[in-house]
Amino acid sequence: MGLRLLRKILVPFAALVLAAAIATIAMGHTHSTTAASTPSMSPEAMQLASLASQTTKGQLAEGYQLFAAHCSFCHGTRADGTTGIAPNLQGLGAGTVDLWLSTGWMPLKTPSAQPENKVPSFSPSQIRAIAMWVASLRPGGVPLAPKLDLKSASLSTGFSLFTLNCAPCHTITGAGDALADGYHAPPLHGISAAQVWEAVRSGPQNMPIFGDRNITPSQLEDIVRYVTQKIEHPQNPGGLGLGGVGPVAEGFLGLFAGVGACLAAAYWVGDRTEREEEEDPHGHGTDHGPEGPETAPEGAHA
Ligand code: HEC
Ligand code: HEC
């Protein structure tokens, strides 16, 4: 009796410690390979690799499920706006969807509510999944913001381009201003580089769309650098809302996956000491629990 109790406590504990050790080693390994492989890859190769890894089948399935649960009520099951309540999203591109979700504008509570800046309802990887699923329905529109080379972007060019193209609405300090017809250009504080890029290319609501010919890709990098470095407060280093999943996010994923595996192992082992074996030990699944609410509050530190 006493022995069984002891075993019930000790076995899961040992499994936990072991799995934590394995997770730590695995994380360290991920980091060292990332660091080692980065300099040897060209930017194009890296972008291609990251694009390919951006759309896995599992990700599209996750995006479909999230959309069905949180968006289809208004936008229709195929995101085509056939409900008549909300616009057709097909062909707008992943970048447009990413912007509307990473700013917290969507989902709305009621169709007549006004989109407002909020803490996003989804984690960055869930947002990407929804965005990639919508983009998979029809090509075109605005892609996810690419990796931007802000180090070589020009702050002074960014300043003059901002003065010319953006300040009329957002004001020179980026504090935002009231526009005609009761519209309001929001302040540009606390937004990410990816959001600036996606806003300029997609032109949300009353903002004009600036295509490649109005603002070239390198000019846009200048503007993004100016907005994110001069107008904003220093903000979320965790990469929330950015196109790339940074090492911090990877670390967190590794940690949560590791802890999840620990718990699953502990429960399974604990269970087995009592009952005869019954279920498949691999059944702990990879639903979005571990990376859901835990990663989202990163932005709150901004
Ligand atoms: C309660 C209804 C409702 C829900 C739920 C909802 N939306 Fe919307 N959505 C709207 C309405 C209404 C608009 C138009 C808003 C406007 O232009 O002021 C809109 C606009 C958008 C736009 C911009 C479209 C454009 O033409 O630029 C995107 C992108 C979008 N929604 C994505 C989503 C996604 C993704 C979800 C689920 C996470 C979602 N929405 C959930 C009602 C909804
Ligand atoms: C004609 C007025 C107008 C001009 C010009 C304009 N914007 Fe905007 N911008 C808006 C409005 C209106 C919104 C709010 C859209 C919404 O709420 O859906 C907005 C939204 C944004 C956002 C999203 C802000 C947020 O709250 O997350 C960014 C970033 C942005 N603009 C950047 C720019 C940049 C950079 C330029 C210049 C290249 C620019 N805008 C030019 C009117 C303008």
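If you're wondering where the values come from, they're calculated on a predicted model, not measured in any experiment. (Residues numbered from 1 in each chain as written. Chains lettered and ligands numbered in written order. Predicted model: local features only at pLDDT ≥ 70, side-chain atom pairs only at ≥ 80, totals over all residues.)

Enquirer: Got a minute to help me understand the overall build of the protein in this structure?
Expert: On a plain count of helices and strands, the protein comes out with 11 helices and 2 strands. Along the protein, helices and strands appear, N-terminal first, in the series α-α-α-α-α-α-α-α-β-β-α-α-α. Of all 302 residues assigned to the protein, the portion counted as buried reaches 29%. Restricting to contacts in the protein with at least 6 residues of sequence separation, those with at least 24 account for 75%. (Helix = DSSP H or I, 4+ residues; strand = E, 2+ residues; numbered from the N terminus. Buried ≥ 20, exposed ≤ 12 C-beta atoms within 10 Å, placed from the backbone. Contact = placed C-beta atoms within 7 Å.)

Enquirer: Please explain the packing of helix H3 (residues 57-70) against helix H6 (residues 124-137) as it appears in this structure.
Expert: Each pair of packed helices gets described by two things: the angle between the helix axes and the distance between those axes. It is at 7 Å that the axes of H3 and H6 come closest, and there the two elements cross at 90 degrees. With respect to each other, H3 and H6 are oriented roughly perpendicular. Residues Gln-59, Leu-60, Glu-62, Gly-63, Tyr-64, Leu-66 and Phe-67 of H3 pack against Gln-126, Ala-129, Ile-130, Met-132, Trp-133, Val-134 and Ser-136 of H6. (Axes fitted to C-alpha atoms, helices over the stretch in contact; angles between N-to-C directions. Parallel < 35°, antiparallel > 145°, perpendicular 65-115°, else oblique.)

Enquirer: Quick question: what am I supposed to make of the site of ligand 1 here?
Expert: Surrounding ligand 1, one finds 21 residues, the nearest of these being Cys-71, Cys-74, Ala-86, Met-106 and Pro-107. Listed by contribution, the elements that provide at least two residues to the shell around ligand 1 are helix H4 (72-75) and helix H5 (94-102). Here the element with the most residues in the shell around ligand 1 is H5; it accounts for 4 residues. Across the shell around ligand 1, the residue classes tally to 16 nonpolar, 5 polar and no charged. (Near = placed C-beta within 6 Å. Nonpolar A, V, L, I, M, F, W, Y, C, P; charged D, E, K, R; others polar.)

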